Each structure stands twice: as structure tokens, then as C-alpha cells.
Amino acid sequence: MADYHFREIEKKWQKTWAERNAYKADIDHNKPKYYVLDMFPYPSGAGLHVGHPLGYIASDIVARYKKLKGYNVLHPMGFDAFGLPAEQYAIQTGQHPAKTTYENLDRYKHQLNNIGFSFDWDKEVQTCDPDYYKWTQWIFMQLFDSWYDNKANKARPVSELTELFAAEGNSTVNAACDEDTPLFSAEEWTGFSEKEQADLLLKYRLTYLSEAVVNWCPALGTVLANDEVKDGVSERGGHPVERKKMLQWSMRITAYSQRLLDGLDTIDWPEPMKEIQRNWIGRSVGAEVDFSVEGSDRKIRVFTTRIDTIYGVTYLALAPESELVDELTADTHREEVQAYVAQAKNRSERDRMSDVKTVSGSFTGAYAIHPFSGENIPIWVADYVLGGYGTGAVMAVPAHDTRDYAFAKHFDLPIVEVVSGGNIEEEAFDGKEGTIVNSDFLNGLPVQAAIAKAIAYVEDNKIGKGKINYRQRDAVFGRQRYWGEPVPVFYVDGIPHLLPESSLPLTLPEIDRYLPTETGEPPLGRAENWKTDEGHPLELSTMPGWAGSSWYFFRYMDPRNNERFVGKQAQGYWENVDLYIGGAEHATGHLLYSRFWTMFLYDRGFVTVQEPFKKLINQGMIQGRSNFVYRVKDSNTFVSYNLTKDFDVVPMHADVSLVGENDVLDIQAFRQWRPDLADAEFVLEDGRYICGAEIEKMSKSKYNVINPDDMIDQYGADTLRMYEMFLGPLEDSKPWNTNGITGVSGFLRKFWNLFYKKREFSVTDDKPTADELKVLHKTLKKVEEDIERFSFNTTVSAFMICTNELAALKCRKRQILEPLVIALSPYAPHLAEELWQALGNSGSVLEATFPEWSEEHLKDDVHEYPISINGKMRTKIAFPVDMPKEEMEKEVLASEVVQKWTEGKPPKKVIIVPKKIVNVVV
Ligand code: ANZ
């Protein structure tokens, strides 16, 4: 084959690699391991567009490069195959979601294979496969069977907790548990009924059933996790979400808040991702202080981060949800407060937090007593106080907090500034209004010292204590849907029990329709005989999308193990993911849950690592370039882009496949696109219809999707791979531009032509020149250094420059070209494999070693200086680069040409610019 026939070449090598099982990764203790992973895709009905493989191409390059560098590389792929879209489709069509899922999955696989990825398909996992979700259920069971010991700072089996309860009750146990867990003695514990014990244990288990306020989405018929709700609507579909109290499975991720924070310092992730997780977890150091209530023995406990400002408290504010509201409100104010509470509860948390302008609240008629000054302070209900955070009550210090300040101004409450506590710049109040108090024993201390002293004081006096709060809540785990993992739990007299391990997997039952039952139970309520053999009812909710994706990286290491979720040996060898590439949108979902489950599995001794992903890179989005046509209102006439100002037009997306170079519309094709356009009329400019264009998200609905299959068919997979990398830095978002791809395709052809001259393979064994060696070594150095820092676009340019330079030098030498084939193989594996074979190698380029570059060939040892006399270039003289200036000057002046132009006279000045030029002024 003499021409670059990419179609045949790519088919041939894809087939060969598959036959040879070329990417099989087995444990090999003689080599260091490297685990490169992509976030596995959800196989959607739309298939892949060119944006999807961007990250996969980058990870594939790294995988192939690391292999050349002598690593044993694990580079698997699989599918996150449970999820809402397949189920929504099933509801519409009556088709089993498995059917569409597997159809989509096959299409994805086919598309991925077209691109020539080095995936070890023997390691494939699919989260909806019972052999896989058996182990998701198993991990759920381990979580149910664990509690978090704050003293040991790790999860432990529940059997050890019940032993402690039986021996000492729970007062000595420092565990992550529900706020409302009562204290009990050992005798009380043993005296409790089975149901009472079971209920208490649920307050400790790491996965538990509780009555919780959840995000209920009536349109989707399910609850959603906090990260699945954006701006009050469901992330998928944009349906309204309500707050609702339900009996619900949750995961006690809050037990791990501090470790999830600390762990961030040990991993190499983009700083913004770490920051998003830090903010989500929301650690805040402060104190809880109890305020007594006048005429009542109830106390109001507040959480504050600024206890040093306590002398400036002028009112207390309770969250509308707080149960204290009803208890404390004076009869004279009851009606008003109740009306306020009813209205406030309907506002979303987000609105309540951020909106300072619509200050609202209601006075309860009750008063608290200031613990330091003994003064009376009014108690208000205010919706800016959130029920679910801290204690649901705040001590309001209008002079030092903006929200309190706005509230006090609105309701005309006193504003009292505290002069201790140092000077915090962002204080709300500038001292012009209200009184200033001296904060007594905190006076003159810097903020942190004042806080420490005040905390010591409240602790000594037993009216409060130092406290660290986390904003993160436990993660809601149950979903009232069909297409997810069944929760392996059955009920006896309302007590949840785990199924025996031997009965896993608990497989999804067949049902007639994928909808809730008439009585509002989840779809599993439709299954006949959804019971244990003993007739006990099984749990009806299923697991959320994130269950299966929270541990799949371990399963890849050992996917066919029937005894364990991952074999000890396999996990011990592959450890965790060295490089993880995927989208930034998973910061508070998948990436947090995976870290949580890994820490848990570590605690219980099931894995040897605490963090799943050592290094993370977020690839940017490839945006689409949409085209528009402009329809004259209420007509079927379309006006060309530059004429639209003279008409009243409505823009409409036109499929980008109907538009040619320079945005010229193919009118014929457009008319055939849709029946309603068959008789479309056009107002043209210069005889053509020019479309408008805009950069938008690549999406079916915007008709701007570019299918990688089409690109591969037209240009080849190697060109697509290199072009996607060439578009710009991996992390950046950038628009797709099909015009640019021809440049890359031309470059690969040019590279090919270094080997073939007039269709003849013409590589020689001649000795390379210093210049040729320099081109080679410069390129190898750049390629290696750039891959090591994940800069792929610059590597592609380096290859282009090198190819041009070698073509200019007419270099066809094996000693130069062969190493380049190896270096190029991670990027253009098919072409490299073909040329490797043409060079006479029997094995595969996959088994080669990445060529080493050496400094010796990079040296510029002589430089040819232009010699300019009075500003005019007269000749050129080569000097060794390390020659001292005085010697150069002597030689320049002695040269014949210079002698001629200076007529032998001594020059006024000689200026030598190293490695650039010599200027002689006479
Ligand atoms: C007095 C004070 C004075 C406060 C001051 C702040 C500044 P973070 O950092 O987010 O933890 N707060 C406490 N619980 C709240 C709740 N459930 N809803 C709304 N606000 C609440 O914020 C803690 C601070 O937010 C606490 O410290 C409290 O106001 C308020 F100059 O107490 B502070």
C-alpha cells in the first residue's frame, strides 16, 4: 500500500488488535502499574457526538504513552447503565428499559471502537448487570451494618456497637448519629424491645431509614438528591421540586465530612474542584450557646461563628420550621406568627438565604435572657434562618452581620456595636448608628482570641460549647423508580432487615408498567410476589444513579470475581486510579460519593486506599457551531443573513449538515429537510443564501451535532483523534470547527509521505545529519515533556513542525523516522502501526519503548552570524556559540569583506548580539 488509505488501515488494525487482545491488562509484578480511567458514560439514545470522546482521546494517549514508558496500564471502559432517561422512554413506549439501554450501549461501543481506543473490553462493567449490582447491593449491606466511631475515626461493624450498648449503654459511645438520639444505659438497652433496638440502631447505621424532609419531584415521581436539584427544579427535565417529609433511605456521609475535607490535601485535583467540595461540605468553626427564655424552662440553643460579638445581640431569630416557635409564641402573637410560618415555609431555601431585599419575619411576643448581661431580648421568627442548619436558631448581631442588620433596620430593632474583637473589615455597621458597647472581659482582644476566651467562658459556665458545623447533609439514597438497583432489604413488623448475602443479587422483577401503583407506591409495588420466601415484603424503592458509579473503578480491576466485589490481590496491585478524566459537573455528586464509599471500604478493611482518584483532570466542553435561517414572520420566506434588518424575521436553527463553506445554505437540501419547507421561498444576497452562526452547546435540539462516525468516515480516526487534541488545551471549552480538520489530515498525509516517495517505500539506512538529529530530539523532548504535563495540543503542533522540517530536509532516514513513529503512536495509533510494519518490524508498535532524547543533539554549537556594516548586511560568518566576543570581533574585522567596506580604517563601534548579529559601525 503506497497511499495513505486510512479506511483500510484503520479497519485492519482495529481487527488485529481485537484478535490479539492487544490491550489486555493483567497483574504483572515486574512492572509499575498505571491506571487511567474515564468517567464511564450513560448510554443515551442520541449516541456519541464529537464532544464526548475528547476526554477519552486524552486518556487513551496517556494510556498508550505510559505503556511505551514501561508501565503495566489498566485502561478500561464500561457503562453507567441505570437511569432516568431509559425509564422515561419505557413509560412512554412500554418497552423494557433494559432493551433500550442495551441497544444504546451497543451503539456506543461500536462508536468507541471506531476511534481506536486501547480499552481492555474484557474488563467492561455495566451497572445494570445483575452480576455487577449484586456487589452494589453488597456494599449497601456493609454500610447498613456499620456505624462511625468518632473516637477511632473510622467505620466499625454494628455488632461491635451493640456489644458496647449491652456493656455500657450509649453515653460513652462517641458516634456519628442522629441529633435526636436519646441516652440509655446498658440495662435499658437490654430491656428494649426488638423494634426499639432496631429503631435506635437506625440512628447510627451508615445507611439508614428515617423520616426526612426530601426533594420530591411529582413530575418524575421520585425524590432527588440535593445535587440533582438546581434552582428549585430537577436537573433532568427542569420539573418543579417540593420539600416533603417521607420515610426514606439515606447515607450518613456527614460522618465523613472532616475526612473528606482532609483528604483533599492529599490528591492532585484542579483547585476549583477541591474548592467546590470544600464549600459543599462547608466546615464552620464556632460555638453553640444556650439562651434561657423568660417565663419558660426551655432554652434556645444558637450556633454562632462570632461568639465574640455576643454583647451586640439585640434579638434572637428562629427558623420557621423550628418546633420552638409554637412552644414559645405568646397567645397574643399566635395568629400572626402562624400565618407567617405558613407562608415562609413555602419559600425555597435558596430564596430565603440569598434574598436580603425581601426581609420578612414575625415577633413571637416572647423574650430570651442574655447569658452575659441578663438583659431581655426579643425572640423573632425569620425565614432567613434555615431549619436544617446549625440549631435552626441564631443570635442576631445587627452591627456585625449584614442579614441581621437588614432585618433590624426593617423592624426597627436596636443596633449595638461591640468594640472588642478587633477590626473585622467586613462588619455590616460602621458605627454611625446605634450604641457602642464595651464587651467587658473580651475587650481589646483580636477576634480569634476573643472567640477562644468567650468559648472557654461559656464552657466553664455550662451554657455552651465550641462546635464545628458542616453544611453538608446526609445523602438521600432511595428512589421511587424502577430502573435502578433494588435495595436488598425486607421488613418484618416494620423493622428493616438485610437479605442474606447468599440471596444476592436481588434482581429487578418484571412489572406491567413502569409507573407508580394506584395507591402511590413505587413501581416495584406492581411486581407480583415481591416478597421473601417466608412471605416478608421487600423494599420498594431502588438505589439512585450514583450507587453503581461510586465503586465501579474497583470492579474494573477484577470484574469477573464471583467471591468478592474486587479481589484483594487485584486491588492491592492496581490500588486506585492514577489519572481520572471527566466532566467538572460531578464535583458534588459522583466525585464526592466515590470518595465517601472508598473511605468506608478502607475503614472496613475491604480496600487498601482511602482515595479513589489520585489525579483528576476536567476536560472542557466542545461546543457546537449552530446555523440559523431567518423566516419572515407568518410566512414561508427566508431572508439571507445580511438582509434581515429590512424584514421582521424570526431566527430558526438549520441543521449544520445543510450548510456549506462560508455558511452558504444548500437550498435544495433545506427544502427536502422537512415537509413544511418544501415550498420555502428565499430572499438571496449575491445569488446565495447566507446563514447566521452562533456557538452553542452541542445538542440534537440545536441541529449542530457533529457525529464522530461521519468525521472518521471522511478523514479517519487518527485525524479525528489528533484534531480533537489540536483544538486547544484539554481543560478549555472550545467550539468545533470542521474546516480546521483538513489541516490535521494534510499533516498526517505529509508524515506518511516521509516514508513513501511516488508510492514507493523509500526509507534508507543512511546516517542522519546533525540537523536531522536535532529535529528528532527536539521533537521527542517536546512530546515527552508535554504529555507529562497533559498538554496535548502543543504536542500535535510539535509533530507538525517536525514533519515540515524533515520534509524540507528531504529526510527519509530510518534512524530519524522510526523513533518518530513510536512517539506518534499514542496519537495516531493506526497509522503508526502500519508504518511500523512497513519499516520491517514484526511485532506491534504497542510493544516498543518510548525513544529517549539526548541533550547532545540539541546543542546549537555553531551559529551563523549576519555581519552588517553601517546597517547593511554584507556577509555571514559562522562562529562557535561559546566563542568570546573579543575573538569574534578580531575575526570579523580581519575578514576580507569587512576590510573592503571599512577601507582598513578602525571602526567606530562593533556590536555583537550573541546568536543573532554583528553590527560594525564605521
Ligand atoms: C452571630 C453572628 C455575628 C454571626 C456576626 C455571624 C456574624 P456559617 O459560616 O455559614 O456557618 N447562622 C447560624 N445558624 C443559622 C441558620 N440556621 N440559618 C441562617 N443563619 C444561621 O454561618 C454561621 C453564622 O450564620 C452564625 O454566626 C449565625 O450568625 C448564622 F457578626 O452568629 B452568627
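Residues numbered from 1 in each chain as written. Predicted model: local features only at pLDDT ≥ 70, side-chain atom pairs only at ≥ 80, totals over all residues. Heavy atoms only, no water.

(A) How the structure looks around the nonpolar core. With 109 residues, the main nonpolar core has Met722, Trp736, Phe751, Phe755 and Leu824 as its most contacted residues. In contact with Trp736, other than residues within four places in its own chain, are Val50, Ile622, Gln623, Arg625, Met698, Ile706, Met711, Leu720, Tyr723, Glu724, Leu727 and Ile741. (Core = buried A, V, L, I, M, F, W, Y, C linked by side-chain atoms within 4.5 Å. Buried < 20%, exposed > 50% of the residue type's maximum accessible area, 1.4 Å probe, protein only. Contact = heavy atoms within 4.5 Å.)

(B) Main features of the sheet that holds strand β9 (residues 242–251). Reading across from one edge, β6-β5-β9-β19 is the order of the 4 strands in this open sheet, with antiparallel pairing throughout. At either margin of the open sheet sits one strand with a lone partner, and together these are β6 (222–224) and β19 (475–476). The pairing of strand β5 (residues 207–217) with β6 spans 3 bridges and is classified as antiparallel. Counted as the bridge partner of Asn215 is Leu224 from β6. Sheet strands in contact with helix α5 (residues 130–144) are β5 and β9, and its direction is about 90 degrees off that of β9. (Pairing = 2+ DSSP bridges. Helix = DSSP H or I, 4+ residues; strand = E, 2+ residues; numbered from the N terminus. Axes fitted to C-alpha atoms, helices over the stretch in contact; angles between N-to-C directions.)

(C) Region of interest: the site of the ligand. Taken together, 18 residues lie near the ligand, and Ser284, Thr304, Tyr389, His400 and Arg471 sit nearest. Between an oxygen atom of the ligand and a side-chain N or O atom of Thr304, the distance comes to 2.7 Å. With respect to the ligand, the backbone of Thr305 contributes an N or O atom lying 3.0 Å from an oxygen atom. Relative to its unbound accessible surface of 650 Å², the ligand loses 86% to contact with the protein. (Near = heavy atom within 4 Å. Polar contact = N/O pair within 3.5 Å; in protein donor to acceptor, adjacent residues only side chain to side chain. Areas by Shrake-Rupley, 256 points an atom, 1.4 Å probe, with all protein chains shown as cover.)

(D) Representation of the sheet that holds strand β34 (residues 909–913) within the structure. Spatial ordering of the open sheet is given by β33-β32-β35-β34, a layout of 4 strands whose pairing is mixed. The two strands at the open ends of the sheet, each matched to only one other strand, are β33 (872–880) and β34. With strand direction ignored, the average angle separating the axes of adjacent strands in the sheet is 20 degrees. As paired strands, β34 and strand β35 (residues 917–921) are joined by 5 bridges and run antiparallel to one another. Its bridge partner being in β35, Val913 is matched across the sheet by Ile917. Relative to β34, helix α28 (residues 885–894) is tilted by about 120 degrees, and along the sheet it contacts β32 (862–869), β33, β34 and β35.

(E) Structural view of the side chain of Asn618. In this structure, Asn618 sits in strand β23 (residues 613–618). For Asn618, a relative accessible area of 11% corresponds to the buried category. From its side chain, Asn618 meets the backbone oxygen of Gly582 in a polar contact 3.2 Å long. In this structure Asn618 touches Pro270, Met273, Gly582, Gly583, Ala584, Leu730 and Glu731, once residues within four positions along its chain are discounted.

(F) Region of interest: the domain arrangement of the protein chain. Domain annotation for the protein chain reports domain 1 (283–470), domain 2 (622–696), domain 3 (710–717 + 732–851) and domain 4 (860–921). Computed from C-alpha atoms alone, the centre-to-centre distance between domain 2 and domain 3 is 41 Å. Facing 5 residues of domain 2, the contacting portion of domain 3 comprises 5 residues. In this assembly, domain 2 and domain 3 are joined by 0 salt bridges. Here domain 2 is connected to domain 3 by 2 residue pairs in polar contact (both at pLDDT 80 or more). The element best represented in the side of domain 2 that touches domain 3 is strand β24 (residues 622–632), accounting for 3 residues. Residue composition of the side of domain 2 that touches domain 3, by class: 2 nonpolar, 1 polar and 2 charged. (Domains from an automatic or database assignment. Salt bridge = Lys/Arg side-chain N within 4 Å of Asp/Glu carboxyl O. Nonpolar A, V, L, I, M, F, W, Y, C, P; charged D, E, K, R; others polar.)

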